[in-house]
Amino acid sequence: MKTTLHTDITVKDICEWFAYNELEGKGLFGLSWKLTIQPEYQRNYIYADGKRDVAVIESILKGYPLGLIYFNKVGEEKFEVLDGQQRITSIGRYVTWKFAVKIDGMEQYFSGLAENLQKKILETPLLIYECEGEESEIKERFKTINIAGVPLNEQELLNAVYSGPFVTKAKEEFSNSQNANIQKWGAYLSGVVNRQDFLHTALERVSKGSIGDYMSKHRYDENISELKSYFTSVIDRISSVFSDVEKEMCGLERWKLYETYHKQSYDPKKISERVHELYADPYVKSRKGVFEYLLWGEVESKLLEVRVFDEATKKSVYAQQTKEANEKWISNCPLCALWHESNNKKIWSIWEMDADHVSAWSKGWATDITNCQMLCKSHNRAKGNK
Ligand SMILES: [Zn+2]
């Protein structure tokens, strides 16, 4: 099967002659009628709930990537949406004034948006994989998308969107296994070099979380000096506090602790004592979270991943959730059911899920069955990282 990545198709292009059928709840056409949004094998538009459709627009306004969209080429200048139909329909409906989004506390339709925001939305490029091949291959591909997720991670997507001299230089520095610094960084950061994890972390911190905006602003810069000096200074400070690097430090990748670092001084001896106490605490599940917990002044106890749900509780909650999910024909991971376009009907097995405290342990909530929910592993991890 042939695939081509397009990075030059914008929201404006997609919404050209956008057509939506209110009665059937289907997005019909876009891209000047070259695109069929709702092929037979796609489900109806389910994002029209004032949450998921709104979230798509908010993501665009914040400059977050919308993820990959897959088109199937079905003829000369004719395409069908293989994956991304819900996102495209949300965008099309917003641009054609079908719903409003709250901006600065006010419900705003597209028509009432400030001109620069309208422009921002329309000029946002979408990442589109065009697939061309036999129907059986396409179906196989669609299955892979659903099961394994997209082949590119967030940083790889951003690199594609903002390709230019800045990305080239940044990759030379941060994703180059020949760089002698990589091994040193590896003592403080976890990640896979060639999947852009170091670059992602560095950008996330220097941009204070707005990676897309930062990359857009610096796209045509010929140097990466700000990014590089920021990264180097963080590494130096971390290495000075933990003079003897413990092996759990390898997972210490939350650069937000830098902000704490340069304001406070730490006593390496005291830190070391507390580290050993917390290591001995049977409730503490995450050893690597211990460092960050201490550096943050022992307030964010969720970093320690205090999780003590027993097996019987997990099994019983799993059974209940799965029963309800089967009845409603939705995923048994409540976050997949709510958010995940591909997995929203997936029934996970119990060993593909983890127990989660509905309300955080750190806020004093109980670790019993009333406060337990099972989440798929990736959603559980995502929640723990917040
Ligand atoms: Zn999930």
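Look up: the structure comes first, before these words.
Just so it is clear, the structure is predicted and the values come from calculations on it, not from any experiment.

(A) Seen up close, the overall build of the chain. Scanning the chain from terminus to terminus reveals 17 helices and 11 strands. Evaluated residue by residue, the chain yields a buried proportion of 46% over its 386 residues. At a minimum sequence separation of 6, the contacts of the chain that also span at least 24 residues come to 63%. Carbon and sulfur atoms make up 52% of the accessible area of the chain, which amounts to about 20400 Å² in all.

(B) Representation of the pairing of strand β6 (residues 78-83) within the structure. Counting buried residues along β6, 5 of its 6 residues qualify, which places the element largely inside the surrounding structure. Pairing analysis gives 2 bridges linking strand β4 (residues 35-36) to β6, with the strands arranged parallel. When the sheet's bridge partners are listed, Leu35 is paired in β6 with Phe79. For strand β5 (residues 68-75) and β6, the ladder comprises 5 bridges, and the chain directions are antiparallel.

(C) Layout of the coordination of the zinc ion. Those donors, Cys333 (SG), Cys336 (SG), Cys376 (SG) and His379 (ND1), are the protein atoms that reach the zinc ion, and they lie 2.0 to 2.4 Å from it. One can describe the site at the zinc ion as tetrahedral: its 4 donor atoms subtend angles covering 104 to 113° at the metal. For the zinc ion, all donor residues lie on one chain, and their spacing in sequence is C-x2-C-x39-C-x2-H. In this pair, Cys336 is assigned in helix α16 (residues 334-339) and Cys376 in strand β11 (residues 372-376), connecting sequence segments 40 residues apart. For Cys336, a relative accessible area of 0% translates into the label buried.

(D) Expanded view of a nonpolar patch on the surface. There is a patch of nonpolar side chains on the surface, built from Trp17, Phe29 and Trp33 and spanning about 370 Å² of accessible area. Checked against the element boundaries, Trp17 lands in the loop between α1 (11-15) and β2 (19-21). Relative accessible area serves as the criterion here: at 55%, Trp17 is assigned to the exposed category.

(E) The pattern of salt bridges, seen in detail. On inspection of all chains with the given rule, the structure shows 7 salt bridges. A salt bridge links Lys228 to Glu173; its shortest N-O distance comes to 3.6 Å. Of this pair, Lys228 sits in helix α11 (residues 225-241) while Glu173 sits in helix α7 (residues 165-174), and the two are 55 residues apart along the sequence. Owing to a relative accessible area of 13%, Glu173 belongs among the buried residues under this scheme. A salt bridge links Glu327 to Lys323; the shortest N-O distance between them is 3.8 Å. Remark: Lys323 and Glu327 occur in helix α15 (residues 311-328); sequence separation between them is 4 residues, near one turn of the helix. Comparing Glu327 with Lys323 shows no difference in burial state: the two are exposed.

(F) Up close: the sheet that holds β2. Taken in spatial order, the 7 strands of this open sheet run β1-β9-β5-β6-β4-β3-β2, and their pairing is mixed. Each end of this open sheet is capped by a strand with a single partner; those strands are β1 (2-10) and β2. As paired elements, β2 and strand β3 (residues 26-30) share 3 bridges and run antiparallel to each other. Bridging across to β3, Ala19 finds its partner in Phe29.

(G) Region of interest: the packing of helix α2 (residues 52-62) against helix α4 (residues 115-123). Two elements in contact, α2 and α4, have axes separated by 9 Å at closest approach and are oriented at 100°. Taken together, the axes of α2 and α4 are roughly perpendicular relative to one another. Contacts between α2 and α4 involve Ile57, Ile60, Leu61 and Lys62 on the former and, on the latter, Leu117, Lys120 and Ile121. The class makeup of the residues in the contact of α2 with α4 is 5 nonpolar, no polar and 2 charged.

(H) A look at the packing of aromatic side chains. Evaluated as defined, the whole model comprises 8 aromatic pairs. Consider the rings of Phe71 and Phe79, whose centres lie 6.0 Å apart with planes at 35°: the pair is tilted. Phe71 sits in the buried class, given a relative accessible area of 2%. Judged by its relative accessible area of 11%, Phe79 falls in the buried class. With 6.1 Å between their ring centres and 65° between their planes, Phe166 and Tyr214 make a pair best called edge-to-face. With Phe166 in helix α7 and Tyr214 in helix α10 (residues 211-218), this pair connects stretches of sequence that are 48 residues apart.

(I) Here's a closer look at α10. Those residues of α10 lying buried are Ile211, Gly212, Tyr214, Met215 and His218. All buried residues of α10 fall inside an arc of 165° around its axis, so they share one side.

(J) Structural detail: the side chain of Gln321. Checked against the element boundaries, Gln321 lands in helix α15. Only 2.9 Å separates the side chain of Gln321 from the backbone nitrogen of Met374, close enough to count as a polar contact. Other than its neighbours up to four places away in sequence, Gln321 contacts Asn332, Pro334, Met353, Gln373 and Met374.

(K) A look at unusual backbone geometry. With phi around 60°, Trp17 is a residue other than glycine that occupies positive phi space. Non-glycine residue Glu77 carries a positive phi angle of around 60°. By secondary structure assignment, the location of Glu77 is in the loop between β5 and β6.

What counts, and at which threshold
All residue numbers here refer to positions counted from 1 along the written sequence of the relevant chain. Confidence filtering applies because this is a predicted model: local features only for residues at pLDDT of at least 70, side-chain atom pairs given and counted only at 80 or more, and all residues used for totals across whole chains, interfaces and linings. Note that water and hydrogens are dropped before the side-chain values are worked out from all heavy atoms of the structure. The way it works is that DSSP assigns letters per residue, a run of H or I at least four long becomes a helix, a run of E at least two long becomes a strand, and they are numbered from the N terminus. Per-residue accessibility, obtained with a 1.4 Å probe over protein chains only, is compared with the maximum for each type, and a residue is labelled buried under 20%, exposed over 50%, and partly exposed between these values. Only heavy atoms enter the contact rule, under which two residues are in contact if any of them lie within 4.5 Å. The accessible surface values rely on the Shrake-Rupley method and a 1.4 Å probe; as for residues, cover is taken only from the protein chains in view. The pairing criterion for strands is at least two bridges between them, as found by DSSP. Any nitrogen, oxygen or sulfur atom within 2.8 Å of a metal ion counts as a donor, with the limit raised to 3.2 Å for Na, K and Ca, and since water is left out, coordination shells can look unfinished. Only two sets of limits are used to name each site, 85 to 135 degrees for every angle of a tetrahedral four-donor site, and over 155 degrees for opposite donors with all other angles from 65 to 115 for a square planar four-donor or octahedral six-donor site, with any other site named irregular. Exposure above 30% relative accessible area and the absence of a salt bridge qualify a residue for a patch, where like charges join within 9 Å and nonpolar side chains (Val, Leu, Ile, Met, Phe, Trp, Tyr) within 5 Å. The term salt bridge refers to a side-chain nitrogen of Lys or Arg lying within 4 Å of a carboxyl oxygen of Asp or Glu. Note on definitions: angles span 0 to 180 degrees between N-to-C directions of axes, and those axes are lines fitted to C-alpha atoms, for helices only across the stretch in contact. What sets the label is the angle itself: under 35 degrees gives roughly parallel, over 145 gives roughly antiparallel, 65 to 115 gives roughly perpendicular, and the rest give oblique. For this scheme, ten residues count as nonpolar: Ala, Val, Leu, Ile, Met, Phe, Trp, Tyr, Cys and Pro. Four count as charged, namely Asp, Glu, Lys and Arg, and the remainder, Gly too, count as polar. Put simply, two rings from Phe, Tyr or Trp (the six-membered ring, in Trp's case) pair if the centres are within 6.5 Å, and we call them stacked under 30 degrees between planes, edge-to-face over 60, tilted for the rest. Within this analysis, the arc is defined by the directions that extend from the helix axis to the C-beta atoms. Any N or O atom pair separated by 3.5 Å or less is treated as a polar contact, with the protein-specific requirement of one donor-capable and one acceptor-capable atom, and with residues adjacent in sequence counted only for side-chain atom pairs.

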